[in-house]
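In case you want the letters, here they are:
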Amino acid sequence: MTTAAVSSRSRRALRFLALGVLSLLGIEIGFRGLDAAFPFPHERLERSPARVVTSADGEPLRLFLAPDGSARWPVPHDAVSPKLVRSLRESEDRFLGWHPGVNPLAVARAALANLRAGRVVSGASTIPMQLARLVEPRARTWRAKAIEAFRAHQLVRAYSSEELLAAYLGLAPFGGNLEGVGAGAWFWFGKSPAELSLGEAAYLTALPRAPVAYDARRHPDAARRARDRVLDQLTARGVFDAAGVARAKRQSLPERWQPTPFTAPHFARWAAGQSASRAVATTLDADLQRQVEGLVTDGVRALRKSGIGNAAVVVLDNQTRSVRAMVGSADFFDTERPGQVNGALARRSPGSTLKPWVYAQAFAQGLAVPDTITLDIPVDYAGYLPENYDGSYRGRMTLREALAESRNVPAVTTLAELGVAPFLALLQRAGFATLDRPAARYGLPLVLGGGEVTLLDLTNAYATLGSQGLHQPVRWQPGPAAKPQRLLPAAAVALVTNVLRDVRRPDFPPAAVALARDVPEVAWKTGTSYGHRDAWAVGYSTRMSVGVWVGNLDGSPRPGISVAEHAAPLLFDVFRAVEPEGARLAKVHPRIVDTEVCSVSHELPGAYCPARIRVPTLPGVSRLARCTHHRRVFVDAESGERLEGACLEQRPHRPEVLTVFPAALRAWWLATGQPSRALPSLHPECREVYVASGPRISSPDAKTPYRQRHDAPAAYSQLRLAADAAPGTETLYWYQDGSLVGIAPPERAVFVPLEPGAHRVVVMDDAGRSHRVEYHVEGRRRSS
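Residues numbered from 1 in each chain as written. Predicted model: local features only at pLDDT ≥ 70, side-chain atom pairs only at ≥ 80, totals over all residues. Heavy atoms only, no water.

A. Representation of the overall build of the chain. Along its length, the chain carries 22 helices and 27 strands. A buried classification covers 50% of the 784 residues belonging to the chain. Contacts spanning at least 24 positions in sequence make up 67% of the contacts within the chain whose residues lie at least 6 apart. Of the accessible surface of the chain, which amounts to about 37100 Å², a share of 54% is contributed by carbon and sulfur atoms. (Helix = DSSP H or I, 4+ residues; strand = E, 2+ residues; numbered from the N terminus. Buried < 20%, exposed > 50% of the residue type's maximum accessible area, 1.4 Å probe, protein only. Contact = heavy atoms within 4.5 Å. Areas by Shrake-Rupley, 256 points an atom, 1.4 Å probe, with all protein chains shown as cover.)

What follows is the structure, given as structure tokens:
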């Protein structure tokens, strides 16, 4: 071949090459122009999804539909079964990632098959083309196909093959309002996409091709044939072994959809409201939740016979503070008793359930120990007169007894010594977000339920006690727990726990106590709110804390509501569920030691204490006073009268050790007719000893008749109580007919209403000296 011929061929090749480059360049320029003129609607690949709340093990709890009503349930690509991913790629688009959006070989194959059959029997749509059709649905025409091809090329240029596959898995239709493989896997098979078997994956591969025609509920034969075609295709291509495919073909298809997940509806709504995520993972234990829901349903069925309409329960893990169960009401759909109100988050008066905290704080500050003697008698704090729930008083008792019996007056007395502001600050650090007013707004009633809390916060506070004083916020999402913050010394909490662990409660009937005999060992407390609206039972074991509320969600009272009958039994039932293998609370703490005290005063023994006992204390913390209850005096050998000063040398005498109780207690004893031994009177020969006389009542006068006036308003029908007191007297205690009516300095009068009948007034000063007067009030008379 001549040089001229070679040169001619080279020039032709170069011209063809240049023409090809120019053609490709023209196509690229043309595509860019079309792409700019008709940009792909990328935002439609990210449709608003449904929101799915899942349990700790991934079980769907509740589904909140997308704004367009679709159950669009996207899942991460790596959370889809590899069987489904391989099935999709091999059956739908095995060359995804190699073609430009349209597969020419598939187009040629489909065209040949359709020509031979004389009808459309095969398609050539790639996954990018199917995505384009899902984003912009059109009638199945040649023009629509051309547009799909153009859109598919846009997709391939913009996204990787993995991104395209993930988008398809999120938008593929699976019948009805189901979009995305998450919804398809759950509603068809009741499982996550990661758990799909080969037969299930093959069916979900075929279903989006014709969601109506291949609906296994309505067309089971067509659905099975479509699945089997996919399986045969996968076998022919060597994707799965023949034995596995044969087993998959024998698997039956579902006859119905799984029900819409609706476990823990109150909790799920609360969790969804706190998260912006479309997939809301939580810490809830779905199996435990169902157990507790059943217990609440059964418990409320019995409660409604007593006029109590609802209950709520919270279960927390002490170590992590994870919400393991939350039941907001017995029936979410009960409109008569507003069941959609979440009783676990409603603000309610907690009754006596805060008392353990006031005692724990007192123990931690060294102000008291469980065996400190307190006075359960009427008291007056600037006009606030706390009363016990049963209207009775016990006199002397220990704080241990006061907490076990839930006495109100000792709790208020302890808070008065602590101060309301420090106590409120402790409760706020313990997570009571609803206690958001100044301390002065709550005052001493705070410890008796004078504020409002939620069951969730209350249960978490008890979990802090169950964690020996280490506090964490409530967690409802998985992840690392917060660093615990110490609120109370562990030893102080242990002192409280040792009181609360005792199932035997003096204020509980024997039948109610018997309900807890087979319950895992727990520390627990109950409370009833003002107005008989709420009954609470809260407790903790070594692992878990449980809170129970019973009442009416509309706030209506139920006179006679009882924690023993209505709240505590449900608490014990839930603890049986959360601690099926039992639990034991630690009984000792290395920081607690026994200290010797006077057996009467429970204070450090003085020189004249007749007997001693040992009580638990916190060394270096507990500040015990020296006993002042026992005093040695000298009495006349003949008369028994007290001798003092120089008259001791003039009269034969003997020493005696007397027990002298506080003046306020003796005044209550005297007013209620109980024996109260005072110091012996001074011998009349001890003239040189100055003896101040006790108080003398100046009003009322025993000889003066009193009557109510018919024309005077009841508010003005009052009687003034006044007394002349000895110099140095600071406080007078006033009782009428056995009831405390005032504690005031001598210069301040106390007023009582005029009520018909005979009355007895007793006054006692702070030295224990007293005086009494009886007077009579006649009924109203009309003025002439």
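The discussion continues.
B. Inspection of the pattern of salt bridges at higher detail. According to the stated counting rule, one finds 30 salt bridges in the structure shown. We note a salt bridge from Asp298 to Arg301, for which the minimum N-O separation is 3.0 Å. With a gap of three residues between them, Asp298 and Arg301 both fall in helix H12 (residues 286–303), about one helical turn apart. When the shortest N-O distance is used, the salt bridge between Arg501 and Glu521 registers 3.1 Å. In this pair, Arg501 is assigned in the loop between helix H19 (490–500) and helix H20 (510–514) and Glu521 in the loop between H20 and strand S12 (523–528), connecting sequence segments 20 residues apart. Of the residues examined, Arg501 reaches a relative accessible area of 10% and is grouped as buried. Here the salt bridges share partners, and the residues they tie into one network are Arg47, Asp68, Arg72 and Glu179. (Salt bridge = Lys/Arg side-chain N within 4 Å of Asp/Glu carboxyl O.)

C. Looking closely at the nonpolar core. By size, the foremost hydrophobic cluster in this structure holds 75 residues, and its most contacted members are Phe267, Trp357, Phe423 and Phe432. It is H19 that provides the largest number of residues to this core, a total of eight residues. Not counting residues up to four positions away in its chain, the partners in contact with Phe432 are Leu354, Leu427, Val453, Asp457, Leu458 and Ala461. Ranked by size, the runner-up nonpolar core spans 56 residues in total, among them Leu96, Tyr203, Ala206 and Tyr214. (Core = buried A, V, L, I, M, F, W, Y, C linked by side-chain atoms within 4.5 Å.)

D. Local environment of helix H4 (residues 127–135). When you tally the buried positions in H4, you get nine out of nine residues, the bulk of the element. Elements in contact with the buried residues of H4: helix H2 (82–92), helix H5 (142–158) and helix H6 (161–171).

E. Fine view of the packing of aromatic side chains. All told, the structure shown has 14 aromatic pairs when counted by the stated rule. Their ring planes at 45° and their centres at 6.4 Å tell us that Trp73 and Trp186 sit as a pair that is tilted. With Trp73 in the loop between strand S3 (71–72) and H2 and Trp186 in helix H7 (residues 181–189), this residue pair connects regions lying 113 residues apart in the sequence. We note that Trp73, like Trp186, is buried. (Phe/Tyr/Trp six-rings, centres within 6.5 Å; stacked < 30°, edge-to-face > 60°.)

F. Main features of the sheet that holds strand S18 (residues 642–643). Taking strand neighbours across the sheet as the criterion, the three strands line up as S18-S17-S19 in an open arrangement whose pairing is antiparallel. Each edge of the sheet is formed by a strand with only one pairing partner; in this case those strands are S18 and strand S19 (653–659). Where strand S17 (residues 630–636) and S18 come together, two bridges link them in antiparallel fashion. Paired with Val635 across the strands is Arg642, a residue of S18. (Pairing = 2+ DSSP bridges.)

G. The arrangement of the confidence of the model for the chain in detail. When pLDDT is averaged across the chain, the result is 84; 87% of the residues are at 70 or more. Segment residues 117–122 is flagged for pLDDT under 50; beyond a separation of four residues in sequence, or across chains, it makes eight contacts in the model. (pLDDT = per-residue confidence, 0-100.)

H. Summary view of the packing of helix H9 (residues 220–236) against helix H10 (residues 242–250). Their axes nearest at 10 Å, the elements H9 and H10 cross at an angle of 175°. With respect to each other, H9 and H10 are oriented roughly antiparallel. Contact residues: Arg227, Asp228, Leu231, Asp232 and Thr235 in H9; Ala242, Val245, Ala248 and Lys249 in H10. (Axes fitted to C-alpha atoms, helices over the stretch in contact; angles between N-to-C directions. Parallel < 35°, antiparallel > 145°, perpendicular 65-115°, else oblique.)

I. Highlighting unusual backbone geometry. Here the phi dihedral of Ala264 falls at roughly 50°; this positive angle occurs in a residue that is not glycine. With respect to the helices and strands, Ala264 occurs in the loop between H10 and helix H11 (265–273). For Ala264, a relative accessible area of 0% corresponds to the buried category. The backbone phi angle of His602 is positive, close to 60°, even though this residue is not glycine. Topologically, His602 is positioned in the loop between strand S15 (593–598) and strand S16 (612–617).

J. The sheet that holds strand S1 (residues 51–54), seen in detail. The three strands lie next to each other as S2-S1-S5, forming an open sheet whose pairing is mixed. At either margin of the open sheet sits one strand with a lone partner, and together these are strand S2 (60–64) and strand S5 (279–281). Across the sheet, the mean angle from the axis of one strand to that of its neighbour is 15°, orientation sign disregarded. Note that S1 and S5 share three bridges and pair parallel. Within S5, the position partnered with Thr54 by the bridge is Ala281. Docked against the sheet, H11 engages S1, S2 and S5, running at close to 60° with respect to S2.

K. Focus on the packing of H4 against H6. Relative to each other, H4 and H6 sit at 45°, their axes nearing to 10 Å. In this view, H4 runs oblique relative to H6, as classed from their interaxial angle. Crossing of H4 against H6: the hand is left-handed. Contacts between H4 and H6 involve Ile127, Pro128, Gln130, Leu131 and Leu134 from the first element and Leu164, Leu165, Ala167, Tyr168 and Leu171 from the second. Classifying every residue of the contact of H4 with H6 gives nine nonpolar, one polar and no charged. (Left-handed = near helix turned anticlockwise from the far one by under 90°. Nonpolar A, V, L, I, M, F, W, Y, C, P; charged D, E, K, R; others polar.)

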